[in-house]
Amino acid sequence: NKVRGAVQSMQTVLFAAKNFSGFSSMVEFLRDEPGVELVPVPSGDAALKVLQEKKIDLLIAAENLEDMSGLACLKLVAQQFPLVYTALCSTLSPEDFHESTEGLGVLMQLSLQPGKEESAKMLAQLQKINALLSS
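No experiment lies behind these values; they were computed from the predicted model shown.

*Asks:* Looking at this structure, I do not really get the side chain of Thr 101. What am I missing?
*Replies:* Examined against the element boundaries, Thr 101 turns out to sit in helix H4 (residues 94–101). Given the relative accessible area of 6%, Thr 101 is considered buried. Only 2.8 Å separates the side chain of Thr 101 from the backbone oxygen of Phe 97, close enough to count as a polar contact. Ignoring sequence-local partners within four residues, the contact set of Thr 101 consists of Leu 71, Leu 88 and Val 106.

Written as structure tokens, this is what we have:
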């Protein structure tokens, strides 16, 4: 049913954050992006609930959620939903980030307030992987 060269199939992005105010440029970018559905949730528990009910392509976790750290959320997702790609907003150095997320299949590290450019890079990364998997 796929048309070659057409826009990638719908990407569903789950975004977990305690407070969305610092993420307005990323949220706006993702909401305006054709073929992207954005699902915002405030907690790790809410994210896990959505993952049980819906096919999610990418989970973005803020450094802090209502009920746990973003890293703790990623660890739970990696255990329960190993095929979901993840990104984490983090202040860790690239080395520390790599060490603390090793084995979790994290797509990329985002800044604490990712802008449009960073968001576009993340989506491009996701589409690259999906293209490789579907070829």
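Moving on from the coordinates now.
*Asks:* So what exactly am I meant to see when it comes to helix H3 (residues 70–80) here?
*Replies:* Three- or four-residue spacings in an α-helix give side chains the same orientation, since the helix completes a turn every 3.6 residues. Burial in H3 covers these residues: Gly 70, Cys 73, Leu 74 and Val 77. One face of H3 carries all of its buried residues, which in axial projection span an arc of 100°. Those residues of H3 that are buried are in contact with helix H2 (44–53), strand S3 (58–61), strand S4 (85–89) and strand S5 (106–110).

*Asks:* Explain the sheet that holds S5 here, please?
*Replies:* Pairing in this open sheet of 5 strands is parallel, and the strands run S2-S1-S3-S4-S5 from one edge to the other. At either margin of the open sheet sits one strand with a lone partner, and together these are strand S2 (36–41) and S5. Along the sheet, successive strands turn relative to each other by an average axial angle of 20°, direction set aside. Note: S3 against S4, 4 bridges, orientation parallel.

*Asks:* Mind showing me how you'd approach helix H5 (residues 116–134) here?
*Replies:* With 19 residues, H5 extends 27 Å between its outermost C-alpha atoms, agreeing within 8% with the 27 Å of an ideal straight helix rising 1.5 Å per residue. Within H5 the residues assigned to the buried category are Ser 119, Met 122, Leu 123, Leu 126 and Asn 130. Looking straight down H5, one finds that the buried residues subtend no more than 95° of arc, so they occupy a single side. Those residues of H5 that are exposed and aimed more than 90 degrees away from the buried face are Glu 117, Lys 121, Lys 128 and Leu 132.

Analysis parameters
Each chain has its residues counted from 1, following the order in which its sequence is written. In keeping with the predicted nature of the model, local features appear solely for residues at pLDDT of at least 70, side-chain atom pairs appear and are counted solely at 80 or more, and the whole-chain, interface and lining totals rest on all residues. Think of the side-chain values as coming from all heavy atoms in the structure, minus any hydrogens and water. Starting at the N terminus, helices and strands are each numbered in turn, a helix being any DSSP run of H or I of at least four residues and a strand any DSSP run of E of at least two. Relative accessibility under 20% of the residue-type maximum defines a buried residue, over 50% an exposed one, and the middle range a partly exposed one, all with a 1.4 Å probe and only protein chains included. A 3.5 Å cut-off defines polar contacts: any pair of N or O atoms within that distance qualifies, except that in protein one atom must be a possible hydrogen donor and the other a possible acceptor, and neighbouring residues in sequence count only when both atoms are side-chain atoms. Any two residues having at least one pair of non-hydrogen atoms within 4.5 Å are treated as being in contact. Working definition: the arc comes from the directions between the helix axis and the C-beta atoms, pointing outward to the latter. Pairing between two strands requires that DSSP report at least two bridges joining them. Note on definitions: angles span 0 to 180 degrees between N-to-C directions of axes, and those axes are lines fitted to C-alpha atoms, for helices only across the stretch in contact. The span expected for a helix works out to 1.5 Å for each residue beyond the first.

Functional significance is not addressed by these values, which are geometric in nature.
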